[in-house]
Amino acid sequence: GAWARFISIEAPGTIVPVTPPAPPPAGPAKRLEAARTALSGASPVAVLAAGLIALGVVLGIAGLFLSYVGGASLASTAELLVPHLIYLAVWAASAVLILRGGARQRAGALLGTGLSVVTFGFYLADLGQVIAGGAHLMGAGLLLGLIGWLACAAGSVIALRLRPAAPPAMPQRHEIAPVVMLLLAGLGVAAAFVPSWDSFTLQSSAGATQTVTAGYAFANPAAVIAGNVAVMAGLIVVVAAAAVWRPVRFGAALLAGGIAAMAAQAISALVQVGQGVSPAQFGLTPAQATQAGLTISSGLTPAFWIYCVFLVALIASAAWMLLTPVPAAPGPLGPPAAGPPPTGAPRSEEHTSELQSHHD
């Protein structure tokens, strides 16, 4: 009816589709202005959350170069430096996403939250070494790292509460198999985290060999074991929450934070193997090892490769969640609204009268 009234007033030949002009390519100045506009449009709570995460990242970077546990810094040990760099990079990415607003803000909050939940256990295990060995082992780097973790976790949770989450939902029939794969992969990663990963083969000049494994999660002081248990529990919680999170793509962001923490451990183990092994790890000086004709080679146990297989399955599950299309919202009930007639040809007076009579 409105369309019939409109074309009865306007000359039919003047009704033509309008094509918006193509925007000019954005140069560096335009991109900078767009970034400023996005930042100015962010809510104060989002700016606070991103600021806390940024503060935690800065404290974490400063802690890399100070004494961590027992006088050594993280920057001096490659296998310890690499995972912490990954943590800081993921937290920094979550802060940027939170400032972008909209769906990116939600994804950034979930990414930082998933990482914070799993890394809590790793920082607790590091603190457990100090608790078991004495306060003299506590370094300024560990203290800054703990404060930085607290700031990043607080910022992620604050950003997560900006928008209420959709209620959890049971997976639909076509989602059952991928969700089961997700849960099994998460349990597999948690279980394969426990056994020893490091394998050392000692061979003397006389031909005698001995293989020693290290890294068993429960062969530690009680405080360190508590941290390792917290890692496994945190991962299972993140995986279970991601499985029922809606929309599913946001569950993938939560899961990605947990995956980043666990993948960092696998990368750390590979870096450690590449560094070789020192006789000091077995209580020998290089001179004593040379005198005894002792050679030491390092490798990884089958448990590590099983861990990697489950980790790859977990990554595949996250990719499935990310690529799952968002279901369209149901439209209003009732007959579909009639669209306007084609604008390519003039409308006749007979057509106009037919529309008007239909309206009447």
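Just so we're clear, the structure is a prediction, and the values are computed from it rather than from any experiment.

### As for the confidence of the model for the protein
Of the residues in the protein, 81% have a pLDDT of 70 or more, and the chain-wide mean is 84. A low-confidence stretch, residues 329-337 stays under pLDDT 50, and its non-local contacts, those more than four residues away or across chains, total 0 contacts. Contacts for the low-pLDDT stretch residues 342-360, under 50 throughout, to residues beyond four places or in other chains number 18 contacts.

### Some points on the nonpolar core
The biggest cluster of nonpolar side chains holds 72 residues, and the ones touching the most others in it are Trp-91, Leu-255, Met-262, Tyr-307 and Leu-314. Examining the composition of this core, we find that 14 residues originate from one element, helix α9 (residues 248-275), more than from any other. Filtering out sequence-adjacent residues up to four positions away, Met-262 remains in contact with Val-118, Phe-122, Val-189, Phe-193, Val-231, Leu-235, Tyr-307 and Leu-311.

### Topic: the packing of helix α5 (residues 102-133) against α9
Contact geometry for α5 and α9: axes closest at 7 Å, N-to-C directions at 35°. The two elements α5 and α9 meet at a crossing, and its hand is right-handed. Contacts between α5 and α9 pair Ala-103, Arg-106, Ala-107, Leu-110, Leu-111, Thr-113, Gly-114, Leu-115, Val-118, Thr-119 and Phe-122 from the former with Phe-250, Ala-253, Leu-254, Ala-256, Gly-257, Gly-258, Ala-261, Met-262 and Gln-265 from the latter. When the residues that make up the contact of α5 with α9 are grouped by side-chain class, the tally is 13 nonpolar, 6 polar and 1 charged.

### A word on unusual backbone geometry
For the bond from Arg-246 to Pro-247, the omega torsion is -5°, close enough to zero to count as cis. As for its position among the elements, Pro-247 is in the loop between α8 (222-244) and α9.

### Focus: helix α3 (residues 44-63)
End to end, α3 covers 28 Å across 20 residues, agreeing with the expected 28 Å (1.5 Å per residue, within 8%). Taken together, the buried positions of α3 are occupied by Ala-46, Ala-49, Ala-50, Ile-53, Gly-56, Val-57, Leu-59, Gly-60 and Gly-63. Summarising the contacts, the buried residues of α3 are in contact with α4 (78-100), α5 and α6 (140-160).

### Regarding the environment of Ala-241
Positionally, Ala-241 belongs in helix α8. As for Ala-241 and Pro-168, which are separated by 73 residues in sequence, their C-alpha atoms are 8.4 Å apart.

### Describing the packing of aromatic side chains
Here the structure, examined in full by the defined rule, presents 8 aromatic pairs. Measuring from ring centre to ring centre gives 6.4 Å for Tyr-87 and Phe-122, while their planes differ by 15°; the resulting arrangement is stacked. Placement of Tyr-87 in helix α4 and of Phe-122 in helix α5 is noted, with a sequence separation of 35 residues between them. Looking at Tyr-87, the relative accessible area reads 2%, which means it is buried. For Phe-122, a relative accessible area of 10% gives the class buried. Residues Trp-197 and Phe-304 carry aromatic rings whose centres are separated by 5.3 Å and whose planes lie at 70° to one another, so their mutual orientation is edge-to-face. With Trp-197 in the loop between α7 (176-192) and β3 (198-203) and Phe-304 in helix α11 (residues 302-323), this pair connects stretches of sequence that are 107 residues apart.

Criteria and cut-off values
- Residues numbered from 1 in each chain as written.
- Predicted model: local features only at pLDDT ≥ 70, side-chain atom pairs only at ≥ 80, totals over all residues.
- Heavy atoms only, no water.
- pLDDT = per-residue confidence, 0-100.
- Contact = heavy atoms within 4.5 Å.
- Core = buried A, V, L, I, M, F, W, Y, C linked by side-chain atoms within 4.5 Å.
- Buried < 20%, exposed > 50% of the residue type's maximum accessible area, 1.4 Å probe, protein only.
- Helix = DSSP H or I, 4+ residues; strand = E, 2+ residues; numbered from the N terminus.
- Axes fitted to C-alpha atoms, helices over the stretch in contact; angles between N-to-C directions.
- Left-handed = near helix turned anticlockwise from the far one by under 90°.
- Nonpolar A, V, L, I, M, F, W, Y, C, P; charged D, E, K, R; others polar.
- Expected span 1.5 Å × (residues − 1).
- Phe/Tyr/Trp six-rings, centres within 6.5 Å; stacked < 30°, edge-to-face > 60°.

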